Amino acid sequence: MVEYQAHMRILFVSPRQCCPPRNGAALREYHLARGLGRHAELTHVFFSPGGASASDCLPWKAVPVPAPERYTPAKIVRGLLGRRPLSVVNYTSAEMKAALAAVMAAEPFDLVHIESIHMAAYEPILRQGGAPLVYDWHNIESEGMRRYSESAPSPAHRFYAGLTARRLAALETEILHTASGHIVCSERERETLLGLAPEARIATIENGADLRSFQETQPAAERRRILFVGWMAYHANVKAAVDFTRAVWPGIRERFPEWRLTLAGLDPAPAVLALRSEANVEVTGTVEDIRPYYGESIAAIVPVRTGGGTRLKILEAMAAGVPVVSTPLGAEGLAVSPGTDILIAEKDEDWLPQLSALSTQGDLWNRLAEAGRRLVAVRYDWETLGQSLYETYCRWLGRPQ
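Treat the numbers as computed from the prediction; the structure is a model and nothing was measured.

Caption draft 1: Fine view of the overall build of the protein. Broken down by element type, the protein carries 15 helices and 13 strands. A compact globule built from 401 residues should have a C-alpha radius of gyration of about 21 Å, and the protein, at 21 Å, falls within 12% of that. By principal-axis analysis of the C-alpha atoms, the protein measures approximately 65 × 50 × 40 Å. Burial status across the protein gives 56% buried among its 401 residues. With the model as given, the accessible surface of the protein reaches about 16900 Å², and the carbon-plus-sulfur share is 52%.

Written out as structure tokens, the structure is:
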């Protein structure tokens, strides 16, 4: 008879401090860690600004490590001339290597969960404990970088991004064959990766939303806000914000002069901050509580045309009971039904009629808002997704659930 340990011990390794969760990557990490932490003994090692302690919202063992400086001249040269892509070089530090070695020497682990390919440089250390390594792919990094390289602002940027995309693709293929398992955000990504490594063990744990954080809302005649939420330093969001504001917003503002465009998210890039000079455009920076903004919004928009992964901002807006208008790429990987729970704007000229319909057709607004919340409740609830991840790890380790 096989004897099982009472608890699963998981080492959770991350390039970021996820609490408070203020962007999509941190939201996914926080909720998946919380789901695992309900059942397993979790040790969370992560980069934190200045190595500061995480707040009390991490109810498990936290080991913060000072975050390294990224995009230094030396790292850019290593990313250009070395074997590893800049995306990995940026997150490689002696402090993290020492912290991981110390944690692994202190206790054994049953599984090592690695948040994204950015932490791939630590594989040699993490393998020393003998526990299986599992990567959580927030997106297919090479895909997003390749898309960026096609629209980068200069030949030099396009060259470097293309080089980085190729090196990311090589590293992705490598870890698909060496790691014990992989977690992805969508079936589309799972099928893509299985095409590269048919023998790889890959499970889909989708992104989600915390439905309980939002009260169900009703449409209000006084809604005058169009809301774009995202990390405003991320190149895909920066380009989306600039392009939408310059090319699309003037026509919308002319039709609805009382409306305001709000670009909400931490660390807005200079190009995003410059949009404050446009009429009826608000750039908020970090927002402590996004819910009041949703409560005043006619629609949440996702005008991205580059990048990768599935957008938590869509699920969050749906949980808040706000209709979503998105580009096809913005809704990529989500089980949405255009016209039923989301509206799609394929071209710049599609945005005005879609938003006009939401403003003038109350029944459409209601149907989309209700269908979006229902979709999140049925398929994208974080508690259910966290439980699914734990059950996946139990199966892979041959443990009872």
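Caption draft 2: Molecular detail of a nonpolar patch on the surface. Residues Val77, Leu80, Leu81 and Phe159 make up a contiguous nonpolar surface patch of about 400 Å² in total accessible area. Examining the composition of the nonpolar patch, we find that three residues originate from one element, helix 2 (residues 73–81), more than from any other. Structurally, Leu81 can be placed in helix 2.

Caption draft 3: Summary view of the side chain of His138. Inspection of the secondary structure assignment puts His138 in the loop between strand 5 (133–136) and helix 6 (141–149). In terms of polar contacts, His138 uses its side chain to reach the side chain of Glu115, at 2.5 Å.

Caption draft 4: Expanded view of the pairing of strand 6 (residues 181–184). Both faces of strand 6 are covered, namely the face carrying Gly181 and Ile183 and the face carrying His182 and Val184. One ladder, built from three bridges, connects strand 5 with strand 6; its direction is parallel. Note that in strand 6 the partner of Asp136 across the bridge is Ile183. After leaving strand 6, the chain enters helix 8 (residues 187–196) and then returns to the sheet as strand 7 (residues 202–204), a path that is right-handed.

Caption draft 5: Layout of the nonpolar core. Among the nonpolar cores identified, the biggest contains 62 residues, and Ile226, Leu263, Tyr294, Leu355 and Leu358 are the most heavily contacted of them. In terms of residue count, the dominant contributor to this core is helix 9 (residues 235–255) (eight residues). In this structure, Val103, Leu126, Ala131 and Met145 belong to the second largest nonpolar core, which totals 42 residues.

Caption draft 6: Region of interest: the packing of helix 1 (residues 24–37) against helix 15 (residues 382–397). It is the contact of helix 1 with helix 15, at a shortest axis distance of 8 Å, that shows an interaxial angle of 60°. Relative to helix 15, helix 1 is oriented oblique. Seen along the crossing, helix 1 lies across helix 15 with a hand that is right-handed. Along the contact surface, helix 1 presents Leu27, Arg28, His31, Leu32, Gly35 and Leu36, while helix 15 presents Trp382, Gly386, Leu389, Tyr390 and Tyr393.

Caption draft 7: Geometry of the pattern of salt bridges. A complete count under the given rule lists 24 salt bridges for this structure. For Lys61, the salt bridge is made with Glu107, and the minimal N-O distance between the two is 3.8 Å. On the criterion of sequence distance, the pair formed by Lys61 in strand 3 (residues 61–66) and Glu107 in the loop between helix 4 (94–106) and strand 4 (111–115) is long-range, its members being 46 residues apart. With a relative accessible area of 45%, Lys61 lands in the partly exposed category. Two residues, Glu206 and Arg379, come together in a salt bridge whose shortest N-O distance is 2.9 Å. Of this pair, Glu206 sits in the loop between strand 7 and strand 8 (225–229) while Arg379 sits in helix 14 (residues 362–379), and the two are 173 residues apart along the sequence. Judged by relative accessible area, which is 9%, Glu206 ranks as buried. Each of Glu143, Arg147, Arg188 and Glu332 takes part in a single network of salt bridges with overlapping partners.

Caption draft 8: The arrangement of the sheet that holds strand 9 (residues 260–264) in detail. Reading across from one edge, 10-9-8-11-12-13 is the order of the six strands in this open sheet, with parallel pairing throughout. Both outer strands of the open sheet, strand 10 (281–285) and strand 13 (343–344), are each paired with one neighbouring strand and no more. In terms of strand pairing, strand 12 (residues 324–326) meets strand 13 through two bridges, oriented parallel. Pairing of Ser326 across the sheet is with Ile344, part of strand 13. Strand contacts of helix 9: strand 8, strand 9, strand 10 and strand 11 (297–302), with the helix running at about 170° to strand 9, the strand carrying the most contacts.

Caption draft 9: Molecular detail of the packing of aromatic side chains. Within this structure, the stated rule accounts for seven aromatic pairs. Here the aromatic rings of Phe214 and Tyr294 are separated by 6.0 Å at their centres, their planes lie at 80°, and the arrangement is edge-to-face. One end of the pair, Phe214, is in the loop between strand 7 and strand 8; the other, Tyr294, is in helix 11 (residues 291–295), with 80 residues separating them in the sequence. Overall, the relative accessible area of 11% leaves Phe214 in the buried class. Its relative accessible area of 2% is what places Tyr294 among the buried residues. Note on Phe244 and Trp351: the rings are 5.2 Å apart at their centroids and 80° apart in plane angle, and the pair reads as edge-to-face. Of this pair, Phe244 sits in helix 9 while Trp351 sits in helix 13 (residues 351–360), and the two are 107 residues apart along the sequence. The pair formed by Phe244 and Trp351 is uniform in burial state, with each residue classed as buried. Taking NZ or CZ as reference, Arg255 lies 4.2 Å from the ring centre of Phe256, over its face.

Caption draft 10: Representation of the pairing of strand 10 in the model. On strand 10, burial follows the alternation: Val281, Val283 and Gly285 on one face are buried, whereas Glu282 and Thr284 on the facing-out side are not. Sheet analysis places strand 9 next to strand 10, joined by four bridges and oriented parallel. Considered in strand 10, the bridge of Leu263 is made with Val283.

What counts and what doesn't
Residues numbered from 1 in each chain as written. Predicted model: local features only at pLDDT ≥ 70, side-chain atom pairs only at ≥ 80, totals over all residues. Heavy atoms only, no water. Helix = DSSP H or I, 4+ residues; strand = E, 2+ residues; numbered from the N terminus. Rg over C-alpha atoms; globule rule 2.2 N^0.38 Å. Buried < 20%, exposed > 50% of the residue type's maximum accessible area, 1.4 Å probe, protein only. Areas by Shrake-Rupley, 256 points an atom, 1.4 Å probe, with all protein chains shown as cover. Patch = residues over 30% accessible without salt bridge, like charges linked within 9 Å, V, L, I, M, F, W, Y side chains within 5 Å. Salt bridge = Lys/Arg side-chain N within 4 Å of Asp/Glu carboxyl O. Polar contact = N/O pair within 3.5 Å; in protein donor to acceptor, adjacent residues only side chain to side chain. Pairing = 2+ DSSP bridges. Right-handed = clockwise from strand over helix to strand, strands pointing away. Core = buried A, V, L, I, M, F, W, Y, C linked by side-chain atoms within 4.5 Å. Axes fitted to C-alpha atoms, helices over the stretch in contact; angles between N-to-C directions. Parallel < 35°, antiparallel > 145°, perpendicular 65-115°, else oblique. Left-handed = near helix turned anticlockwise from the far one by under 90°. Contact = heavy atoms within 4.5 Å. Phe/Tyr/Trp six-rings, centres within 6.5 Å; stacked < 30°, edge-to-face > 60°. Lys NZ or Arg CZ within 6 Å of the ring centre and 35° of its normal.

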